[in-house]
Amino acid sequence: MSDHKARLRVLGAGIFSLLLVLGVARFSYTPLLPLMQQQAGLGVASAGWLAATNYAGYLSGAIIASQISNLVLKDKLYRIGMVLAIVSTAVMGLTTNVIVWALSRYVAGLTSAAGMLLGTGLILNWLIRHHHRSELGIHFSGIGLGIAGCSTAVMLMHPALDWREQWWAFTTIGCMLLYPALAWLPRPDQTGLTASGQKMVDSPPSRLYLRIFMAAYFCAGFGYVVSATFIVAIVNKLPGLAGQGNLAFLAIGIGAAPACINWDLIARRTGDLNALILAAILQIVGILLPVMVGGLMATLFGALLFGGTFIGMVSLVLSMAGRYYPTKPAKMMGKMTLSYGATQIIGPAITGQLAAHLGSYNAGMYVAAVVMMVGTGLLLALKVVEKRDAKHALPVG
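Residues numbered from 1 in each chain as written. Predicted model: local features only at pLDDT ≥ 70, side-chain atom pairs only at ≥ 80, totals over all residues. Heavy atoms only, no water.

Draft legend 1. Quick peek at the overall build of the protein. Regarding its fold elements, the protein presents 14 helices and zero strands. Written out in order from the N terminus, the α and β elements of the protein read α-α-α-α-α-α-α-α-α-α-α-α-α-α. Within the span of the protein, comprising 397 residues, buried residues form 58% of the whole. A separation threshold of at least 6 residues defines the contact pool for the protein, and within that pool the share at least 24 residues apart is 84%. Just so you have it, the protein exposes about 15,400 Å², and 67% of that area is on carbon and sulfur atoms. Between the averaged position of the 26 positive side-chain charges in the protein and that of its 11 negative side-chain charges there is a distance of 5 Å. (Helix = DSSP H or I, 4+ residues; strand = E, 2+ residues; numbered from the N terminus. Buried < 20%, exposed > 50% of the residue type's maximum accessible area, 1.4 Å probe, protein only. Contact = heavy atoms within 4.5 Å. Areas by Shrake-Rupley, 256 points an atom, 1.4 Å probe, with all protein chains shown as cover. Lys, Arg positive; Asp, Glu negative; His and termini not counted. Charge placed at Lys NZ, Arg CZ, Asp CG, Glu CD.)

Draft legend 2. Region of interest: the nonpolar core. In terms of nonpolar packing, the biggest core is built from 132 residues, with M116 and I143 touching the most fellow members. The element that contributes the greatest number of residues to this core is helix α8 (residues 207-237), accounting for 19 residues. (Core = buried A, V, L, I, M, F, W, Y, C linked by side-chain atoms within 4.5 Å.)

Draft legend 3. Spatial organisation of helix α13 (residues 329-358). Spanning 30 residues, α13 covers 43 Å between terminal C-alpha atoms, matching the ideal 44 Å at 1.5 Å per step. The largest bend in α13 comes to about 30°, at L338. Looking at the residues trailing α13, positive phi occurs at G359, about 75°. (Expected span 1.5 Å × (residues − 1). Bend = angle between axes of the 7 residues up to and from the residue.)

Draft legend 4. Broad picture of the packing of aromatic side chains. Scanning all chains against the criterion turns up eight aromatic pairs. With a centroid separation of 5.5 Å and 80° between ring planes, the pair formed by F16 and W184 is classed as edge-to-face. In this pair, F16 sits in helix α1 (residues 3-24) while W184 sits in the loop between α7 (163-183) and α8, placing the two residues 168 residues apart along the sequence. For F16, a relative accessible area of 25% gives the class partly exposed. Pairwise contacts between aromatic rings join Y217, Y224, F306, F310 and Y340 into one cluster. (Phe/Tyr/Trp six-rings, centres within 6.5 Å; stacked < 30°, edge-to-face > 60°.)

Draft legend 5. Up close: the state of the cysteines. Within the structure shown, the criterion is met by zero disulfides. Free cysteine: C175, not disulfide-bonded; nearest cysteine sulfur from C150 at 17 Å. A relative accessible area of 45% places C175 in the partly exposed class. (Disulfide = S-S within 2.5 Å.)

Draft legend 6. Representation of the environment of C150 within the structure. When you line up the elements, C150 lands in helix α6 (residues 137-157). Overall, C150 belongs to the buried group, its relative accessible area being 1%. Not counting chain neighbours up to four residues away, the residues in contact with C150 comprise G23, F27, S28, P31, F170 and F249.

As structure tokens, then:
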């Protein structure tokens, strides 16, 4: 197999793994949420706690990923995660017990980490080892395709299938995605050398840089999770937009699918930090448009902006982490995701409680936008730290 074909096959494995763990196991919950509220008796506050449990699973997976250096163990856990993604999806259609649902959402969160961190780390390690660009835009297009795919599937299945049958339909789709996700990813090479025999060397940033970077990503996680979890329910409650929520979720997916490739190209021209700052500013606009302007067009444009930026930020941050630690990319990816993931437990729970008390999700969206503004300020501060670190690294004399 030619080097180019091998690269596309590895990136294809990544796309299918993200379609499985995110499009099927994780994000299908968002467009199915209103249906579960109507047909399965799921309450607003419980819906928020289920989402929080999902992110707790993701956070647990990030902790595990951040502690593992062994590539063979990462590969085993990645493959187990792909299978559990299907199991956790099937369980959702077997019961109306909120505790069982919560366990399913927790396991789905763990599998998300298997795909997003372990799978991404293995793919990035392969790309660097084989002298390809250490960019993940094509790989991360699987997230946007997963969001667009699951929202389209729910729109096509409704009203022919009830909530339970739709979960089983997603389980069937997951089974079809499993083979390429497993078979197309080669077993890892543990030599620590590139394909041409060069030694792979880590070049970590300063501690101050890493702390501010993690704090900024913490804010980005809060900004992301409120919209990603509740956008369908938010739009359905806006004046004149009842029933249009899935369109907004589809718009997020359409915005996200090409976004990572676009942000790779932007980062090549502007540098990673400038690209991150631009993405953060545009994401704030995307979060606020549905609640500040309203109306279908503004909402869909906001969803496109949000989809085109949140995933760009994830891709840029994880690519940067992989370049700092090419020998063990998932380790720093896991630490960064702990920052991103911590807010993802807090965010849905707070938003669900606010919605239950105020009868609207708008307050949660405003809180998310403010937190994102703080994060943007931290990214600007990183530019100063980066210059300082570069100055100190210069040889004297």
